[in-house]
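Results of the structural survey
One-letter residues, chain by chain:
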Amino acid sequence: MDNRSKSTDAHHWAHYFRPELFAETGEKSVSTLMEYLVECQNREASHVLDIATPESRLEHWKSRLNDSQSSSGSGLFKHDFLEQLLCRSNHLHDPRYAGHQVAVPFPELAWLGAATALLNNGMAIDEMGPASTPMEEAVMQLIAQYMGFGTKSGGILCHGGTLANLTALLAARQKKAVGNAWEEGVQTPCAVLVSDQAHYCVDRAVRVMGWGKQGIIEVATDDQHQMSKGDLYQKFNEATAAGIHVVAVVGSACTTSTGAFDDLEMIADFAEAHDVWFHVDGAHGAAQVFSSEHRNVLKGMERADSVAMDFHKMLGVPALCTGLFYKDGIDAYGAFSHEAAYLYESQNEEWWNLSKRTFECTKRMLSAAVFGIWEAHGPLLWESLVDRLISRAQFASAQLNLRDNWEVFAHPKSNILCFRLKGVNNSNLRAKLLKHGPHYIVKTRVNGSDWLRCTFQNPLTTEDDIIELIDRLEELA
Ligand SMILES: Cc1ncc(COP(=O)(O)O)c(C=O)c1O
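Residues numbered from 1 in each chain as written. Predicted model: local features only at pLDDT ≥ 70, side-chain atom pairs only at ≥ 80, totals over all residues. Heavy atoms only, no water.

1. Some details on the domain arrangement of the protein chain
Parsing the protein chain into structural domains produces domain 1 (3-42 + 52-89), domain 2 (115-378) and domain 3 (381-476). In this structure, domain 2 and domain 3 have C-alpha centres spaced 30 Å apart. Roughly 2,000 Å² is buried in total at the junction of domain 2 and domain 3, and carbon and sulfur atoms are behind 62% of that figure. When the buried area of domain 2 at its contact with domain 3 is split by residue, S257, H294 and M314 rank highest and sum to 24% of it. Applying the counting criterion to the domain 2 and domain 3 interface returns 0 salt bridges. Our count for the contact surface shared by domain 2 and domain 3 stands at 9 residue pairs in polar contact (both at pLDDT 80 or more). No other element matches helix 15 (residues 367-377), which puts 4 residues into the side of domain 2 that touches domain 3. Grouping the amino acids of the side of domain 2 that touches domain 3 by side-chain chemistry returns 13 nonpolar, 15 polar and 3 charged. (Domains from an automatic or database assignment. Buried area = accessible area lost by both parts, 1.4 Å probe. Salt bridge = Lys/Arg side-chain N within 4 Å of Asp/Glu carboxyl O. Polar contact = N/O pair within 3.5 Å; in protein donor to acceptor, adjacent residues only side chain to side chain. Helix = DSSP H or I, 4+ residues; strand = E, 2+ residues; numbered from the N terminus. Nonpolar A, V, L, I, M, F, W, Y, C, P; charged D, E, K, R; others polar.)

This is the structure we're talking about:
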């Protein structure tokens, strides 16, 4: 540490908090970030992801740290740090990015990110979110009702679908398990029914709750990866006969690897008939509720007790930003305190003290982006974004079907497309694509074999980009 960093002098600290320094670094950063966007949109890079081995990347950053004693200039980070961060990251804004399910954020939202990072209101209690907490309450209520959840509904924002799914299952446990699980733990073996294609975070949530392997009951899926009705009822009967209390059933909307939607109506019927909590893991696909063209796959979701929906997947919001919606908003209080939900005086169900309903104590001011978009556009911007992204996947699927030797796992109902070239090792093919560039796609395993997988996240991806991708894969194969 040099002397400047050790100083206890007020002038020294005033320097770092100088509005002029903020503006100066801001201007530089804006132009650097703009260059990044221009380069991405012009498809200038030879690789969307120019990735070296993990070891050599570690070496790079380590060598910078070894060099860290040299002058850092007048700001908090070195002059080339932002450039390095940009050039060494994965470039989601390049229209040839079609990889993992992370939003290509609307660039303007970076300013809300900057403003909320600067404000840093911690959100746990009302006084630490005087603007962002009521914004969250208002916009979540509106979206919950838009989803068809009725006037008693509500929701919270949290950091990610993984946490939202765990939170929903905690609420389910409190409502459906025998006794007061929050105070006494569960008194009888409990379990959750979920398809064998569900995201691994559901399994993880159940194990975190202490129900072990037997707490997660996998329901078989059909050849389109949709939960089997027959197996759902059978697994429920088997569990009940074995003395296991099925507390919840989780529908996937959609599955991560192939974009399959469970039949949510069928699951809702099952849940109602057996008094089981119905949660929809809509981390990826619940966003299709905004599209009149693509919401049919979510039929039955409005009958769920809870739904998790990531704004940072199909809705262009920077990660992490997940909505957890409850049909009965009061259930949200049950996740972390039985009494708050059912026994407390009504003043204890204080919507304005958000940490009563969130796992996090401090959280980012997540409502700013969601509120800002809804205030300016209502659901319309998201409708056109969802439509645009899905149209990319459907176009790619149609192109592959026109060609010989390509196999598409299923007609895409979302922006996820799973496909393979017959007769080749598709994992190697993807590795070649990453090595030689320019496109970025991912892979998945289905029924023991490797498939290629695209999630079309970038609305600027053109039909030409898609044709070039397929041509490139054929060339490399
Ligand atoms: C279906 C599904 N559920 C949950 C998650 C986890 O969400 P997050 O990455 O926001 O924690 C994912 C992530 O891809 C997902 O696809």
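2. Some points on the site of the ligand
Within the structure, the ligand sits among 14 residues, and G161, T162, T256, D281 and D310 are positioned closest to it. K313 is positioned with one of its side-chain polar atoms (N or O) 3.3 Å from an oxygen atom of the ligand. Isolated, the ligand exposes 390 Å² of accessible area, and the fraction of that covered by the protein chains is 86%. The biggest single contributor to the shell around the ligand is helix 8 (residues 161-176), with 3 residues. Partitioning the shell around the ligand into residue classes produces 3 nonpolar, 8 polar and 3 charged. (Near = heavy atom within 4 Å. Areas by Shrake-Rupley, 256 points an atom, 1.4 Å probe, with all protein chains shown as cover.)

3. Observations concerning the nonpolar core
I143, V249, M309, F311 and W382 are the most contacted members of the largest nonpolar core, which has 56 residues in total. The element that contributes the greatest number of residues to this core is helix 12 (residues 264-274), accounting for 6 residues. Both domains that meet at this core, namely domain 2 (115-378) and domain 3 (381-476), each give it at least three residues. Formed by 34 residues, the second largest nonpolar core is a distinct cluster that contains A172, A177, I216 and F336. (Core = buried A, V, L, I, M, F, W, Y, C linked by side-chain atoms within 4.5 Å. Buried < 20%, exposed > 50% of the residue type's maximum accessible area, 1.4 Å probe, protein only.)

4. So, the pattern of salt bridges
All told, the structure shown has 21 salt bridges when counted by the stated rule. Residues D328 and K152 are paired through a salt bridge, measuring 3.7 Å at the closest nitrogen-oxygen approach. Taken as a pair, D328 in the loop between strand 7 (322-326) and helix 13 (331-334) and K152 in the loop between helix 7 (132-146) and strand 1 (154-158) lie far apart in primary sequence, 176 residues in all. In this structure, E474 engages R403 in a salt bridge whose closest nitrogen and oxygen atoms are separated by 3.0 Å. With E474 in helix 18 (residues 463-476) and R403 in the loop between helix 16 (380-402) and strand 8 (406-408), this pair connects stretches of sequence that are 71 residues apart. A cluster of three or more residues bridged by salt bridges with shared partners is formed by E265, D269, E272, K299 and R303.

5. Things to note about the sheet that holds strand 11 (residues 449-455)
Here we have 4 strands laid out as an open sheet, ordered 8-9-11-10, and antiparallel in their pairing. Two strands in the sheet have a free side with no partner beyond their single neighbour: strand 8 and strand 10 (442-446). Across the sheet, the mean angle separating the axes of adjacent strands is 40° when strand polarity is ignored. In this sheet, strand 11 lies alongside strand 9 (residues 416-421) in antiparallel orientation, the contact comprising 4 bridges. Bridge assignment links C418 to a residue of strand 11, and that residue is R453. (Pairing = 2+ DSSP bridges. Axes fitted to C-alpha atoms, helices over the stretch in contact; angles between N-to-C directions.)

6. Quick notes on the sheet that holds strand 6 (residues 306-310)
Hydrogen bonds along the backbone pair up the strands of a sheet, which may run parallel or antiparallel. The strand order 1-7-6-5-4-2-3 describes an open sheet built from 7 strands, whose pairing is mixed. Of all the strands in the sheet, the pair left with one neighbour each is strand 1 and strand 3 (216-219). Strand-to-strand twist across the sheet, computed as the mean angle between neighbouring axes with direction ignored, equals 20°. Across 5 bridges, the pairing between strand 6 and strand 7 is antiparallel. Bridged to A308 within strand 7 is L324. Set on the sheet, helix 10 (residues 200-208) makes contact with strand 2 (190-195), strand 3, strand 4 (245-252) and strand 5 (277-281); between it and strand 3 the angle comes to about 155°. (Contact = heavy atoms within 4.5 Å.)

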